Amino acid sequence: MKTLDKNSATFLGIDAHPTTHTALAINRFEEEKGILTFDNTKDGIATFLSWLPTIEADMDKVIIGLEGGGNSRHALVANLLKEYQNIYEVNPLYTKQRRMFGTKGDKADPRDAKLIAEVLTRKLPELPKITKHDLSAHILVLKKTVWFYEQTTAQGVSIQNQLHQLKREADLSSDTTEKKALRMMIADLEKQLKSVRKTQKKCQEQLVILLEKQGKNLMTIKGIKTILSAKIVAHSGGIERFSNLDSFIQYAGIAPREKSSGKTKRHSKSKTGNRKLNHAFYLAAMVQLRWSSKSKEYFEKKIQEGKTKKHALKCLMKRIACITYGMLRSGEEYKG
């Protein structure tokens, strides 16, 4: 691949949605070169792929950024990867910052597509690259299984809350008819909860198999089991997409932002990065504080250095993320 010259490159922002996508191209100076809204269908994607060379004929000069779309954008990405190599994932928080920074705070697909393209001109080194590995059957199934487990778990929590409320009402009720109706509801919800638990177990069994290819070694870290290991691998999208540790830390939204004034130096929480991956490392840090004496010592050391508990926890999250990155890269078990 040719060396990328950003000054002559075309930056293409794509605001992806389940039914339609909007693409907008700009040059290095953020001057608009073209815009297209197309359906998320075979014909729509074909129209887009025919339109793109009319904006920039040299594929090596096209830098593409995608935001949103979830699993529904896979067909678009798969077709782009056949011809283009510079494709990046843009965090929605970056475009939100750009939107709030400007004079217009309104949200519309063409405006969002331009904001995505603008982020490419300014934040390219911080963005994770989308590769063919991201669309491998293994990663797609892992992501979908984790998503389904999380949705099922949320459903289970909702059912438990309803059961708690109905059982309390049944205990307080003195009306026979009301008690009978409440018992019927409770029995039905208990059946639903039992079904949820079975589904969670099946998902967990499936994740154990999927982690064989990447991530099983994370379970050698005390307190980190199947679900948490799967979340880290799924929400990171596979360790292969990160060129170095710093890009992984930034994607996880763990790297603190320094706010300095004169001799005063403060660090604030980063609001960028993948929030689901960030939450996975938060859970990992909380588990480590409970089960790992070394993590407890590290946390207390940071407190003694004058850091707040929140900052000390963020440091622990970063430490775990660094360990995780190394383990996923090497495939080795935890040696701490």
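A few points on the structure. Note that the structure is a prediction, hence the values are computed from the model and not measured.

1. Quick look at the pattern of salt bridges
Next, step 1: Under the definition given, this model contains nine salt bridges.
Next, step 2: The salt bridge partner of Lys-167 is Glu-190, with a shortest N-O separation of 3.5 Å. Placement of Lys-167 in helix H5 (residues 137-172) and of Glu-190 in helix H6 (residues 176-210) is noted, with a sequence separation of 23 residues between them.
Next, step 3: A residue is classified by how much of its surface remains accessible, and Lys-167, at 38% relative accessible area, is partly exposed.
Next, step 4: Taking the shortest distance from any N to any O, the salt bridge between Glu-305 and Lys-302 comes out at 3.6 Å.
Next, step 5: Judged by its relative accessible area of 43%, Glu-305 is partly exposed.
Next, step 6: Overall, the relative accessible area of 14% leaves Lys-302 in the buried class.
Next, step 7: By sharing partners, the salt bridges in this structure join Lys-302, Glu-305 and Lys-307 into a single network.

2. Brief notes about the environment of Asn-217
Next, step 1: Note that Asn-217 resides in the loop between H6 and helix H7 (226-236).
Next, step 2: Asn-217 sits in the buried class, given a relative accessible area of 9%.
Next, step 3: Sequence spacing of Asn-217 and Gly-331 is 114 residues, and the spatial spacing of their C-alpha atoms is 6.5 Å.
Next, step 4: Discounting chain neighbours no more than four positions away, the residues touching Asn-217 are Met-327, Leu-328, Gly-331, Glu-332, Glu-333 and Tyr-334.

Calculation notes
Residues numbered from 1 in each chain as written. Predicted model: local features only at pLDDT ≥ 70, side-chain atom pairs only at ≥ 80, totals over all residues. Heavy atoms only, no water. Salt bridge = Lys/Arg side-chain N within 4 Å of Asp/Glu carboxyl O. Helix = DSSP H or I, 4+ residues; strand = E, 2+ residues; numbered from the N terminus. Buried < 20%, exposed > 50% of the residue type's maximum accessible area, 1.4 Å probe, protein only. Contact = heavy atoms within 4.5 Å.

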